[in-house]
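# Commentary on secondary and tertiary structure
Below are the chains, spelled out letter by letter.
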Amino acid sequence: AFVVEGFKNEMPYVYKSPIGLTPDEVKAVILYLQSQGGEVDVAQIKLPDVILASQKEESEPWQPYFAGDPENGMELFFDEESNAGCARCHTVAEKGGKVGPELTTVSGTRSPQYIVESVLTPSAVIASGYESILIITNDERYLTGIKKGEDELSVSMMLDTGEVLKVSKEEIKELAPQETSVMPSGFADDLTMTEFHDVLAFVLTLDGEQAIGGDAGDDEEDDEDGDEESDDEEDDEDGDEEGDDEEDDEDGDEEGDDEEGDDEGDDEGDDEGDDEGDDEGDDEGDDDDSGADQENEDHSAESDADTEKDISEGEET
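Attention here is on the structure that accompanies the text. (Residues numbered from 1 in each chain as written. Predicted model: local features only at pLDDT ≥ 70, side-chain atom pairs only at ≥ 80, totals over all residues. Heavy atoms only, no water.)

## Quick notes on the nonpolar core
Counting 19 residues, the largest nonpolar core has F77 and V203 as its most contacted members. Looking at this core, the elements with two or more residues in it are α3 (70-78), α4 (112-120) and α6 (193-203). Examining the composition of this core, we find that 5 residues originate from one element, α6, more than from any other. Sequence-distant contacts of F77, that is, excluding residues within four places in its chain, are made with G85, C86, A87, H90, V92, L103, F202 and V203. Residues I135, V155, L159 and V167 belong to the second largest nonpolar core, which totals 8 residues. (Core = buried A, V, L, I, M, F, W, Y, C linked by side-chain atoms within 4.5 Å. Buried < 20%, exposed > 50% of the residue type's maximum accessible area, 1.4 Å probe, protein only. Helix = DSSP H or I, 4+ residues; strand = E, 2+ residues; numbered from the N terminus. Contact = heavy atoms within 4.5 Å.)

In structure tokens, the structure reads:
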């Protein structure tokens, strides 16, 4: 295979698990790469027989000796004081050290067998960019770490503690690449069988799709719980609003009753006042009529007296 200078032939087999691209998907990726500045030509794509044959092979997925506990494995991974302490050198979800490769999506591109080998025999395959070097200084100091940069005056290297050290070239007596990884090789002895499988179970969840330390189902349940809580809060708010509306309606009814009572009182008062006024008017009218009748009687009596007087005088004459 063609390998870019400065890199090793370490690309995972994309047609095997866990990536498992079909021949058509492999062709699609190649066509996309051709389109990035090249000439797209489907006829030029000739897939190796091994890729075509892999689609016909039926094999059971790899399984460990026994299933580990990913929750315990996560604790061992991030606890730098534990027998594993992987986070001292490896980053997962932006948490951990930078000495070794990031592992946030490692199980999405690497097979379980590769991961097991990397833990138990870390020097078997060293990822590009993480090869170690040995520097011997003029005063006989031995420095081992990962080369991070070099210029005309110095060489930068990262020690296994995560510290970046810049060594002047004037101080360097000898610089040599190493075939061993800076990752310790004693995990087979340091970890119990249970601890190893717990750590492995956690690392196998790091596929970029599941939540760190849990399943996607847990996130869905959390989302559902959150939705239910939101619904309950909305229901409570609606209930409060309904209660406020009912109180407002009751207050409105009471105000309406008070207004009706006031109106009735006013009407009764008006009716009483009108009746009293009418009665008083009638009484006064009756009194006036009585006075007029009395005056008419007096005038009639006087007229009768005058008439009698005139008659008497005529008789005397």
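## Comments concerning the packing of α4 against α6
Two quantities define a packed helix pair, namely the angle between the helix axes and the distance between the axes. For the pair α4 and α6, interaxial distance at closest approach is 11 Å and the crossing angle is 130°. If you check the angle between α4 and α6, you find them oblique. Considering how the two elements wind past one another, α4 and α6 form a crossing that is right-handed. Within the contact between the two elements, α4 uses I115, V116, V119 and L120 and α6 uses F196, L200 and V203. Broken down by class, the residue content of the contact of α4 with α6 amounts to 7 nonpolar, no polar and no charged. (Axes fitted to C-alpha atoms, helices over the stretch in contact; angles between N-to-C directions. Parallel < 35°, antiparallel > 145°, perpendicular 65-115°, else oblique. Left-handed = near helix turned anticlockwise from the far one by under 90°. Nonpolar A, V, L, I, M, F, W, Y, C, P; charged D, E, K, R; others polar.)

## Some thoughts on unusual backbone geometry
Glycine aside, the phi torsion of most residues is negative, and most peptide linkages are trans. Cis geometry is adopted by the peptide bond preceding P18, which originates at S17 and carries an omega value of 10°. Note on placement: P18 falls in the segment before α1 (23-35). Its identity is not glycine, yet E94 carries a phi of approximately 65°, on the positive side. Here E140, not a glycine, exhibits a phi torsion of approximately 65°, which is positive. Mapped onto the elements, E140 comes out in the loop between β3 (132-137) and β4 (142-150).

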